[in-house]
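The residues making up each chain are set out below.
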4 protein chains.
Amino acid sequence: MPEARTVKRRTKSEDSAKADQASTSSSERPRLRDAERTSKAILAAATKEFAERGYGGARVDAIAERAKINKRMLYHYFGGKDALYVAVLEGSYIAIRSAEARLDLSHRSPADGMRELVVFTWQYFLDHPEFLGILSTENMHKARFLKRSARIFELHSPLVSEISGLLDRGAAAGDFRPDCDPVKIYMSIAALGSFFLTNRWTLSTIFRRNLSDKAEIDAWGEHIVDVIFAYLRP
Amino acid sequence: MPEARTVKRRTKSEDSAKADQASTSSSERPRLRDAERTSKAILAAATKEFAERGYGGARVDAIAERAKINKRMLYHYFGGKDALYVAVLEGSYIAIRSAEARLDLSHRSPADGMRELVVFTWQYFLDHPEFLGILSTENMHKARFLKRSARIFELHSPLVSEISGLLDRGAAAGDFRPDCDPVKIYMSIAALGSFFLTNRWTLSTIFRRNLSDKAEIDAWGEHIVDVIFAYLRP
Amino acid sequence: MPEARTVKRRTKSEDSAKADQASTSSSERPRLRDAERTSKAILAAATKEFAERGYGGARVDAIAERAKINKRMLYHYFGGKDALYVAVLEGSYIAIRSAEARLDLSHRSPADGMRELVVFTWQYFLDHPEFLGILSTENMHKARFLKRSARIFELHSPLVSEISGLLDRGAAAGDFRPDCDPVKIYMSIAALGSFFLTNRWTLSTIFRRNLSDKAEIDAWGEHIVDVIFAYLRP
Amino acid sequence: MPEARTVKRRTKSEDSAKADQASTSSSERPRLRDAERTSKAILAAATKEFAERGYGGARVDAIAERAKINKRMLYHYFGGKDALYVAVLEGSYIAIRSAEARLDLSHRSPADGMRELVVFTWQYFLDHPEFLGILSTENMHKARFLKRSARIFELHSPLVSEISGLLDRGAAAGDFRPDCDPVKIYMSIAALGSFFLTNRWTLSTIFRRNLSDKAEIDAWGEHIVDVIFAYLRP
DNA sequence: CATGAATGAGGATTCATTCAT
DNA sequence: AATGAATGAATCCTCATTCAT
């Protein structure tokens, strides 16, 4: 009952990447007393664990073991399983939106920009299976944890604006049909990509067709482009 | 879907059971064919519980309570959590495929048949949220349990044939583009429907738009039809 | 299922084996499947543990061990440490008030009745050190748990009435001073008895005088009577 | 009461220390004699924490936070939780005995002196709830820690002598009954005061009467005087 | 003197499953 | 057929204390 908990979050400095580099290059020392490194290791391990097993299935012990840290540290840095999960969730969204932001779609032709967005999204999903796993878990909980995050909406408005710009320019140029809803477009792209990857296990079984094969994956990537462009066709 | 269960344990004459009960039920309990009733109640309860909480999150106690049966019965009829989950999984697939089979798409025009399939699928997903929940859970486990089920492929080949027929007739009539993969078409339909419903919780949060509103849901249903028909357009 | 747990706990087989031996060899049958017995054993064990160590210091494991039951049962019957503590608390009050109720003070002379009450209280405190321990703990928590108990006041009004009757009859007979507050009288009796017993450990140390000696204890019992009667003297 | 600590670590001239600090504190930290200040802060914080939560319930982290010091300092100055607790315990006794020593009862009439002692004790208990809390905790542990303290008896003999003197003078003057045991008298005073204050939480609940009200508290103070003087009456 | 990271040994609670009736 | 008691192995979390800087 005497909850004098002092959940402190790390102030991550800009040199983090640099520090990581340094640590990995320095011949695998145990590197004790490195708050940032520990904190990151926990977050990375937790992301994997939560993505693979879901919130309920994830084990705090397993996260600690994956991160090669003492379990106690996890509580020290994040306060508990819940808070760690929220950190993972936010981190996952920030990561994809940050990568997206680097696309700079506005200096391309609408068609090229759209293709880039679709391809990027598909590739990101492929490269970051944890992201889809986290989303799946979070939705099973009806976004219970995500709702706690205040800044999540701000994180996404640039994306909508960007797509909106593409659609407007495409419509003006006669490349795209007019009056498309940018959110619907994004959701369609995400739906086609996400569904294939997250559901390929049951789909492979029921259709007796190994959807994890490179050929199948590549074909589906093209299929998404086809579907989206067919829909956008004026 | 529980009614479609084929593997029944203990299929002794139901009448005799009824007779047995007749004496005891004279007081207050309206127990008719307890064995089957109990078994069905367990399956229905388990389907909800597994869908809502995932395999790991589901609680045997909770299932027993939902089913209003003694927990021991669950072990009696199904053997354990694993086996019960497999029964739920199979039952879920059998249910949707059975409903689909009742569509009789082959006697309609290709366009009408396709529209019917899309609308049916969307409506089925809407009406049976447990189905999507079960799939989500099963995929998180990489279809580990589904693979155990021998007859699951046979269950799905009629669906593929049916769509194949539609596509062929549509292509022949010049309504659809030629050489469409029926599995890809089905997966696209399912992707657009499933993604919206299972992911609407996070999507509503990040886009600050309540996707559980009837208007949004209806609009998305039409969107799926639009997308699929745009893609099929020759 | 996903539980490919690697973190294993040390399986201490020796203690359990020893415990098993003890229970079976001591001619008392293990007495399985006896809900009431188990429940009572837990309550008795918990009363001792909470009294000796306080709420925070009490160990659920220790209670289970004292009661010779599986720890899980404790949760089955009482729900948790909190609820078990509340049960102990209520049980303690019910026990003393029930014993008091058997005194039947109203058919004695006021002086005899009062003496009987004082002696009984002192003796009860002596015989039931757990009661004082529980009270001490509960007061350290500012009666946080007791406040939850609805029926605790009703339990005590008979006591107040009884003392009130004694005081009135004594005042009428000229034995006692008039206008005594029955609650103050009871509190004085309890104070003198309780303080000696609960604080005798520090008192023995600071005054270098073993207050746990029978002679000291007996003398204090008489002292309480003296003090109370001196106060009641008209 | 920490200010009453006689055993001071590092008692160097305070002025010089202040001067020393003046130069260093020029930046931001107002550190005056950090060693002593820190040590006192820890002791004060620990006293509160132990009194409120008991030994087992007290948290080293909480003490560090209350004292606004680094947890490590606590180990530096006191060695550990046990030793800190003992320091708190001794400090508490020293504080009350020191205050008592300032009463100078021997130059008053026996009745006045006794009244003064009773009133002082009651007021001290009221003003220093931590003292009672510490005693309560220590007694729950059967004075395990207090026994370690060598000088605790010497601390109390003056008190006994003082009361003894009062009783003798009172008996000689015919104000008090003869042959009173000074320890019993002191224990009676303490019992009535301590019991009311420490047990008022449960008492308020069972008698449905708010004993923390000023009126009730004042009344009880008078009641103690009444009881003690009634008992002393020859 | 001071700091905050790190840790191992518990501590309460929960869970799927089996046993006795 | 049905029930509820019983259980051991986890599972999340906490704590006093030590270590490296």
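Residues numbered from 1 in each chain as written. Chains lettered and ligands numbered in written order. Predicted model: local features only at pLDDT ≥ 70, side-chain atom pairs only at ≥ 80, totals over all residues. Heavy atoms only, no water.

## Observations regarding the packing of helix H5 (residues 81-101) of chain B against helix H8 (residues 152-172) of chain B
Each pair of packed helices can be summarised by the angle the axes make with each other and by the distance between the axes.
Residues and elements named next belong to chain B.
Line of reasoning, step 1. H8 packs onto H5 with a crossing angle of 25° between their chain directions and a minimal axis gap of 10 Å. Here H5 is positioned roughly parallel relative to H8, judged by the angle of their axes. Note on packing geometry: the crossing formed by H5 with H8 is left-handed. On H8, the residues touching Tyr-93, Ile-94, Arg-97 and Glu-100 of H5 are Ile-152, Leu-155, His-156 and Leu-159.
Line of reasoning, step 2. Among the residues forming the contact of H5 with H8, the class breakdown is 5 nonpolar, 1 polar and 2 charged. (Axes fitted to C-alpha atoms, helices over the stretch in contact; angles between N-to-C directions. Helix = DSSP H or I, 4+ residues; strand = E, 2+ residues; numbered from the N terminus. Parallel < 35°, antiparallel > 145°, perpendicular 65-115°, else oblique. Left-handed = near helix turned anticlockwise from the far one by under 90°. Contact = heavy atoms within 4.5 Å. Nonpolar A, V, L, I, M, F, W, Y, C, P; charged D, E, K, R; others polar.)

## Some details on the relation of the copies chain B and chain A
Line of reasoning, step 1. Rotating chain B by 180° and translating it 0.1 Å along the rotation axis places it on chain A, where the RMSD comes to 0.1 Å. Interpreted geometrically, this transformation is the action of a two-fold axis.
Line of reasoning, step 2. Here 100% of the interface residues in chain B have copies in chain A that are interface residues too; the copies meet face to matching face. (Least-squares fit on C-alpha atoms with pLDDT ≥ 70 in both.)

## Quick notes on the interface of chain B and chain A
Line of reasoning, step 1. At the junction of the two partners, chain B supplies 55 residues and chain A supplies 55 residues.
Line of reasoning, step 2. Between chain B and chain A, roughly 4,900 Å² of surface is buried when both sides are summed, and carbon and sulfur atoms account for 69% of that area.
Line of reasoning, step 3. One can count 4 salt bridges joining chain B with chain A.
Line of reasoning, step 4. Applying the counting criterion to the chain B and chain A interface returns 12 residue pairs in polar contact (both at pLDDT 80 or more).
Line of reasoning, step 5. Looking at the side of chain B that touches chain A, the elements that each hand over two or more residues are helix H2 (34-57), H5, helix H7 (129-140), H8, helix H9 (182-207) and helix H10 (214-232) of chain B.
Line of reasoning, step 6. It is H9(B) that provides the largest number of residues to the side of chain B that touches chain A, a total of 20 residues.
Line of reasoning, step 7. Here the side of chain B that touches chain A is composed, by residue class, of 28 nonpolar, 13 polar and 14 charged. (Buried area = accessible area lost by both parts, 1.4 Å probe. Salt bridge = Lys/Arg side-chain N within 4 Å of Asp/Glu carboxyl O. Polar contact = N/O pair within 3.5 Å; in protein donor to acceptor, adjacent residues only side chain to side chain.)

## So, the UniProt feature "DNA-binding region" (unreviewed entry) in chain A
Line of reasoning, step 1. UniProt feature "DNA-binding region" (unreviewed entry): in the numbering of this structure it lies at residues 59-78 of chain A.
Line of reasoning, step 2. Annotated as residues 59-78 of chain A, this span is 80% helix and 0% strand, and its ends, taken at the C-alpha atoms, are 15 Å apart. (UniProt positions renumbered as here; feature names shortened; annotations may be inferred.)

## Here's the deal with the packing of helix H6 (residues 110-127) of chain C against helix H7 (residues 129-140) of chain C
All names here are of chain C.
Line of reasoning, step 1. Closest axis-to-axis distance for the H6/H7 pair is 4 Å, and the angle between their directions is 85°. The angle between the axes of H6 and H7 places the two elements in the roughly perpendicular class. Contact residues: H6 offers Tyr-124, Phe-125, Leu-126 and Asp-127, while H7 offers Pro-129, Glu-130, Phe-131 and Leu-132.
Line of reasoning, step 2. For the contact of H6 with H7, a count of residues per class yields 6 nonpolar, no polar and 2 charged.

## Some details on the nonpolar core
The nonpolar side chains of a soluble globular protein tend to be buried with one another.
Line of reasoning, step 1. Counting 145 residues, the largest nonpolar core has Phe50(A), Met114(A), Phe50(B) and Met114(B) as the members making the most contacts within it.
Line of reasoning, step 2. Counting residues per element, this core draws most heavily on H9(B), which supplies 14 residues.
Line of reasoning, step 3. Three or more residues apiece are contributed to this core by two domains, here domain 1 (31-79) and domain 2 (87-232) of chain A.
Line of reasoning, step 4. In this view, Phe50(B) contacts Tyr55(B), Ala58(B), Ile63(B), Lys81(B), Leu84(B), Tyr85(B), Val88(B), Ile134(B) and Thr137(B); residues no more than four positions away in its chain are not counted.
Line of reasoning, step 5. One finds Leu74(C), Ile217(C), Phe196(D) and Ile228(D) within the second-largest nonpolar core, a separate group that totals 144 residues. (Core = buried A, V, L, I, M, F, W, Y, C linked by side-chain atoms within 4.5 Å. Buried < 20%, exposed > 50% of the residue type's maximum accessible area, 1.4 Å probe, protein only. Domains from an automatic or database assignment.)

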